[in-house]
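Spelled out, the chains give:
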Amino acid sequence: MGDYELAKQASQGNEDAFLALMHVHKVALYRTALSYLKNNPDAIQAVQEVTVRAFQTIHTLRKPEYAKTWMIRIMMNYCNDVLKMRRRITLDEEVLGRTAISDDYTFLEVDEALDRLSEEERDLIHLKYLHDIKLKDIAAMTSTPEGTVKTRLYKTVKKLRKLIEVKGGRHNE
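Scoring rules and cut-offs
Residues numbered from 1 in each chain as written. Predicted model: local features only at pLDDT ≥ 70, side-chain atom pairs only at ≥ 80, totals over all residues. Heavy atoms only, no water. Helix = DSSP H or I, 4+ residues; strand = E, 2+ residues; numbered from the N terminus. Buried < 20%, exposed > 50% of the residue type's maximum accessible area, 1.4 Å probe, protein only. Contact = heavy atoms within 4.5 Å. Areas by Shrake-Rupley, 256 points an atom, 1.4 Å probe, with all protein chains shown as cover. 1 Å grid on protein atoms, 1.4 Å probe; cavity = no way out; pocket = protein on both sides within 12 Å on 5 of 7 lines; lining within 4 Å. Points joined across faces, edges and corners; volume = space filled by probe spheres on them. Nonpolar A, V, L, I, M, F, W, Y, C, P; charged D, E, K, R; others polar. Axes fitted to C-alpha atoms, helices over the stretch in contact; angles between N-to-C directions. Left-handed = near helix turned anticlockwise from the far one by under 90°. pLDDT = per-residue confidence, 0-100. Expected span 1.5 Å × (residues − 1).

S.K.: Honestly, the overall build of the chain in this entry has me stumped. Any pointers?
M.R.: The secondary structure content of the chain amounts to nine helices and zero strands. Mapped in sequence order, the helices and strands of the chain form the string α-α-α-α-α-α-α-α-α. For the chain, with 173 residues in total, the buried portion stands at 38%. A separation of at least 24 residues holds for 64% of the contacts in the chain among residues at least 6 apart in sequence. Summing over all exposed atoms, the chain offers an accessible surface of approximately 10600 Å²; the carbon and sulfur share of this is 54%.

Below you can see the structure in the form of structure tokens.
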């Protein structure tokens, strides 16, 4: 059974179809959580939480062909909520800890640059480059014209590039 059929049946209350759908997309959900939360235990917990949330709201899925992007959006929202809560509670000790452990400064520069983007910009980068979701699908998912999504992506990539170049000491001005 294909993705569309699984999502359609799941949205009609078929629990087995829902479980099969989650099984198909669990890696994409885990990768999304890991890219936001930066550690395995939190990513696993996020997948579990999003599974529950998706199960509770699967009946609201309007277009079964967008089931994957719908679940990823739930994951991104959950991760953003977790990150907001962390910022309220502690300073960014995670980056300080990773700096001492990792010699991969390029990763840290990219990670730090991503953290400096707005939530909307970061989400757009994750959807396009981490999940390779087509611009027309991102547009449909966010109820935004495709041209607007293209423009925002172009500006976001340009901003990200500039943040990385400045952080890396390559001022091209």
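S.K.: What am I meant to see in empty space enclosed by the protein here?
M.R.: As enumerated under the stated definition, the model contains one cavity of 30 Å³ or more in all. Approximately 50 Å³ is the volume attributed to the largest cavity. Lining the largest cavity are S35, Y36, K38, L83, D111, L114, D115, R122 and H126. Among the elements of the structure, helix 2 (15–37), helix 6 (105–115) and helix 7 (119–130) are those that each provide at least two residues to the lining of the largest cavity. If one sorts the elements of the lining of the largest cavity by residue count, helix 6 sits on top with three residues. For the lining of the largest cavity, the residue count by class is three nonpolar, two polar and four charged.

S.K.: So what exactly am I meant to see when it comes to the packing of helix 2 against helix 3 (residues 40–57) here?
M.R.: To describe two helices that pack against each other, one gives the angle between their axes and the distance between the axes. One way to put it is that helix 2 packs onto helix 3 with a least axis distance of 8 Å and a crossing angle of 140°. Handedness of the crossing formed by helix 2 with helix 3: right-handed. Only N40, D42, A43, I44, A46, V47, T51, A54 and F55 of helix 3 make contact with helix 2, whose side of the interface consists of E15, F18, M22, L29, Y30, A33, L34 and L37. In terms of residue class, the contact of helix 2 with helix 3 is made up of 13 nonpolar, two polar and two charged.

S.K.: I keep staring at the confidence of the model for the chain and nothing clicks. Help me out?
M.R.: Regions with low pLDDT carry predicted coordinates that are not meant to be interpreted in detail. Confidence in the prediction of the chain, expressed as mean pLDDT, is 84, and 84% of residues score 70 or more. Looking over the chain, one finds the lowest element-wise mean pLDDT in helix 5 (residues 93–101), namely 49, and the highest in helix 3, namely 95.

S.K.: So what exactly am I meant to see when it comes to helix 7 here?
M.R.: Because the α-helix completes a turn every 3.6 residues, residues three or four places apart line up on one side. Taking 1.5 Å as the rise per residue, helix 7 with 12 residues should run 16 Å; its terminal C-alpha atoms sit 15 Å apart, in good agreement. Regarding helix 7, the residues found buried are E121, R122, D123, L124, I125, H126, L127 and K128. Within two residues after helix 7, D132 carries a phi angle of roughly 55°, on the positive side.

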